[in-house]
Amino acid sequence: MVISTGEFSMNDFLRRSRQNPQAILGGTLLIITLIVVAFGPLLAPYNPETFHGGHRLEGPSSQFLLGTDNFGRDLLSRVLYGARPTVLFGIFTTALGVGLGTLIGVISGYLGGTFDDAVMRVMDGLMAIPNLLLALLIITALGSSSLNAGIAVGLAFMPGMARITRSTTLAIRSQDYVRAAVARGEKRGYIVTREVLPNVFAPTIVEGTIRVAFAIMLGASLSFLGLGAQPPSSEWGLMVAEGRNYLFRNPWIVIGPGIAIAVVSISFNLLGDGLRDLLNPKVERAG
Amino acid sequence: MMTRPVLRVSNLHVSYHTSRGPLQVLRGVNLDIAAGEVVGLVGESGSGKSTMAYAIVRYLSPNAIIPQGDMVFEGDDLLALPQKQLGTIRGKRIGMVYQDPNTSLNPTLRLGEQVAEVLKRHERLANADAWQRGKELLTSVKLADPEFIMSKFPHEISGGEKQRLLIAMALACQPSLLILDEPTTALDATTSAGILDLLLTLQERTGSAVLYITHELGTISAIAKRISVIYAGKIIEEGATREVLAKARHPYTRALLASVPNPYQTKQGRRLVTFAGPPPELIDPPAGCVFQARCPFVREECRQGEIEVPAGDHKTACIRLPEISREPLPLPHLSPPSLEGQDEGLEALLVEDLRVIYRRPSLLGRFRAARQSRVYAVDGVGFKIHQGESLGLVGESGCGKSSLARALVGLEQSTGRLKLGGRILTLPTGFDEDYRKRVQIIFQHPDHSLNPRQSVREIISRPLVISGVTGSAELGHRVSELLEQVRLPLGYAGRYPHQLSGGEKQRVAIARAFATRPSLVICDEITSGLDVSVQASIVNLLGDLQDSYQTAYLFISHDLNLVRHFADRIAVMYLGRFVEFGEAEQLFNPPYHPYTEALLSAAPIPDAALAGRRVRLHGNLPSPKSPPAGCHFHTRCLRKLGKVCESDPPPGVELGARHWLSCHISKNELRSFPAIWKRVVTNDSRSADNGATMRDRQ
């Protein structure tokens, strides 16, 4: 990833975001997603848990726009209701992972020395375990629920974020403005919060945005395995898991939530890529 | 000049497409280079000189367009050639060398492969032949042991050696034109002097035409026969080098020459000429003369139409000639030199036996280094700085001058004693609040020393907050006061560093350093990233602040001419130790240390009335991790006496009350060295008109 320690201004940012189609597409998709998260239940034509006895496993029709599942529940309503737990899960876990990781990375990078060595070896150890496996381990210890799945995914993200912010911090630590702060006798707390953190912010935001997509997919995987959200929740991963037995009788049961997961993931990814360019002021000036 | 030109550029326009509209970087440039001729193109940053270099080989960035113009190279119309044929011109018929040798070589390939590649590509040589020919090339650029160098990777050789290798690669196919874009800017003075000598000999031997692009007037006076001065995308003066330097006509050229510090004018002598007004607008340039916004002689007619350039050998794009040629350039306000601090005034800082220990970075390194003896970047240095005095510190990069600066503000692991205001501090600990308040540092690159996410107000007020200033009214007042002192508009308080120019950023850094009214300010190469005209205004500003506050400066620079202009006393440093220490006037005439002699000779002065004697050092600066025994300088010294220099550390030689150097050579012999720079008496002494009057020279 590109580590930008460059400068930032809002006007510049808005002007250049207009020239960045990726960011525009990602941003638009994200706004739609957030509207669904906020107002999904109001938009839904039916209660997501109401059984429509005579309409099991139907394809799309004017009555049920995305068809129905094996209990005759309206898939569109379920997808709309499911946006909230799914997307909020992604954002919450990422915030947790990015927050913890940044804290550890910045402190470790700034202090350096033995403390840094010790912390980073532990992080390396954690990184050696694949994210999903690590999350599974943590859930095994904590028990399965949406909250625990969120904590597990957040912790699984932490070491990677710590690595990235640490390397950014190392680059910033050797900048003359940090040296100037040390020379005039600033306290460590001030240097970390006022000199280093604001400069770590941009690359962290970019990396975090991309990770939201990973978190949603990881959360969906956990729910699929029965370790995250529990029925009758309409969390998208769970919907795919429950529907897979009926895949051949009515593919729509999987297509709806599947596409929803894909669209949200892609929108966060595009936004992340776009932000990376936008937050790096050197990109345009060079071109 | 009668021969047909190798390259003829006529009426060349180049624009860059930007979101605010086309940036007109070159506007109607004419340039002829005859076979075997060395032409210099001088300009400051943003003048379009590098665009010119890239335009000639049609290697511009994708958003560049060439709306009109002609470029004919040996009969080929460069603008009409398809890309495929350009590939056979670049590297084969036109060689190029760029500014930074560290980024011009592929770090993952052995140097030999990179040299051979050029020959295989353009001369279709077989591998073995290419290596053989490569070896010959490296010998021709005076690289000792070419075979050894060819087996190395770029990071294993020095910057000067890399630049020699790149010159060898550029000359590999005997191009008829060689374009050099600031080839010595990234190098030390002593190294770049060697590169210039090499270029001159090679040019004479191969007969290639050379386009030498630079912002350093000194370098260009040493190499080019003809120069063109470029400003805001237009050539504003053109002629034979001697002619232009001695009888500059265009107000810009005259101001530029007068802003270059000349060692024969000291601090008390005069101030540097600076430019007022905004830099030229390139998006929507105004009609008329490009220099109108900054020209002291501007008239209404300068703002209209196109400026016609009369034909002739010395062309100038100025319509007010010849009437203004006798009018002197206005000098910036000259404050009367203060008398205090001139002689033994109150002492600002006393440094005794300062040593800086090399940092040991990695975990593994710490284990290994435990067994090694200690290595010092600064090895037992002591000096005294008086109030209101400027102490200059010169030396090549790697000599320890920046380590010394950082040690004095507690940024390096160091030992020694400091005395400040009657109190003695013993290092490595001992930096207290009072010391930090009274000793401030300004760093080289304002881009790195100002936090990009803090506003100017935040940056300047922080030292005030630490030193106990509270209340937003009081802070605001002090910030405005400081901005005024460094001559920045008060509105800049709300700006962020990226909204400022390089010179403005450095002014903010100066304001920050002066916020606590320090008694000593350390300036670590603070002008080396700036254009000469900006440098002049920064140096003048520092002088004014010194007059107001009796601040002492430790002024570090690799530019001897600048240090001589600015400092009262000068220390010359080599491999962590002072080799000479004396008053600014003394240092420029014998007796001097052999190293100082070489430094003096390496810094070219753009003054036709001065002739220099050539003293060139050989070899690289030895690693400070294993300094040579005896006199550290003996490996490169041209006046080495013999065994004694290799075995015994040199004694200190007192050459007067305030002049000291460290050398085995006897006093009398040191006194007999001939001077480096001599005034050549010319019939025409009109160089005085450049704003630099002859009577200021001693």
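Not measured: the values here are computed from a predicted model.

Visitor: How should I be thinking about the overall build of chain A in this particular structure?
Guide: Within chain A one finds 11 helices and 0 strands. Written out in order from the N terminus, the α and β elements of chain A read α-α-α-α-α-α-α-α-α-α-α. If you line up chain A on its principal axes, its C-alpha atoms span 80 × 45 × 25 Å. Here chain A holds 287 residues, and 45% of them are scored as buried. Sequence-distant contacts in chain A: of pairs separated by 6 or more residues, those separated by 24 or more amount to 72%.

Visitor: What should I look at first to understand the environment of Glu669(B) in this one?
Guide: All names here are of chain B. Within the secondary structure layout, glutamate 669 lies in helix H23 (residues 667-671). In this structure glutamate 669 comes out as partly exposed when scored by C-beta crowding, with 13 C-beta atoms within 10 Å. For the pair glutamate 669 and alanine 598, spaced 71 residues apart in the sequence, the C-alpha separation amounts to 17 Å.

Visitor: So what exactly am I meant to see when it comes to the environment of Ala240(B) here?
Guide: Residue and element names in this part refer to chain B. With respect to the helices and strands, alanine 240 occurs in strand E11 (residues 234-240). Residue class for alanine 240 comes out partly exposed when judged on the 16 C-beta atoms lying within 10 Å of it. Spatially, the C-alpha atom of alanine 240 lies 35 Å from that of alanine 144, the residues being 96 residues apart in sequence.

Visitor: Can you help me understand the interface of chain B and chain A in this one?
Guide: With 23 residues of chain B in contact, the opposing surface of chain A contributes 21 residues. Taken together, the elements giving at least two residues each to the side of chain B that touches chain A come down to helix H13 (433-438), helix H14 (446-449) and helix H15 (456-466) of chain B. For the side of chain B that touches chain A, a count of residues per class yields 11 nonpolar, 9 polar and 3 charged.

Visitor: What exactly am I supposed to notice about the sheet that holds strand E12 (residues 315-316) of chain B here?
Guide: Hydrogen bonds between backbone groups are what pair the strands of a sheet, and the pairing can be parallel or antiparallel. Residues and elements named next belong to chain B. The 7 strands are arranged E7-E8-E9-E3-E10-E11-E12 in an open sheet whose pairing can be described as mixed. Strand pairing shows two members of the sheet lacking a second neighbour, strand E7 (94-97) and E12, which therefore form its edges. Here 4 bridges tie E7 to strand E8 (residues 177-181), and the two strands are oriented parallel to one another. When the sheet's bridge partners are listed, valine 97 is paired in E8 with leucine 180.

Criteria and thresholds
- Residues numbered from 1 in each chain as written.
- Chains lettered and ligands numbered in written order.
- Predicted model: local features only at pLDDT ≥ 70, side-chain atom pairs only at ≥ 80, totals over all residues.
- Helix = DSSP H or I, 4+ residues; strand = E, 2+ residues; numbered from the N terminus.
- Buried ≥ 20, exposed ≤ 12 C-beta atoms within 10 Å, placed from the backbone.
- Contact = placed C-beta atoms within 7 Å.
- Nonpolar A, V, L, I, M, F, W, Y, C, P; charged D, E, K, R; others polar.
- Pairing = 2+ DSSP bridges.

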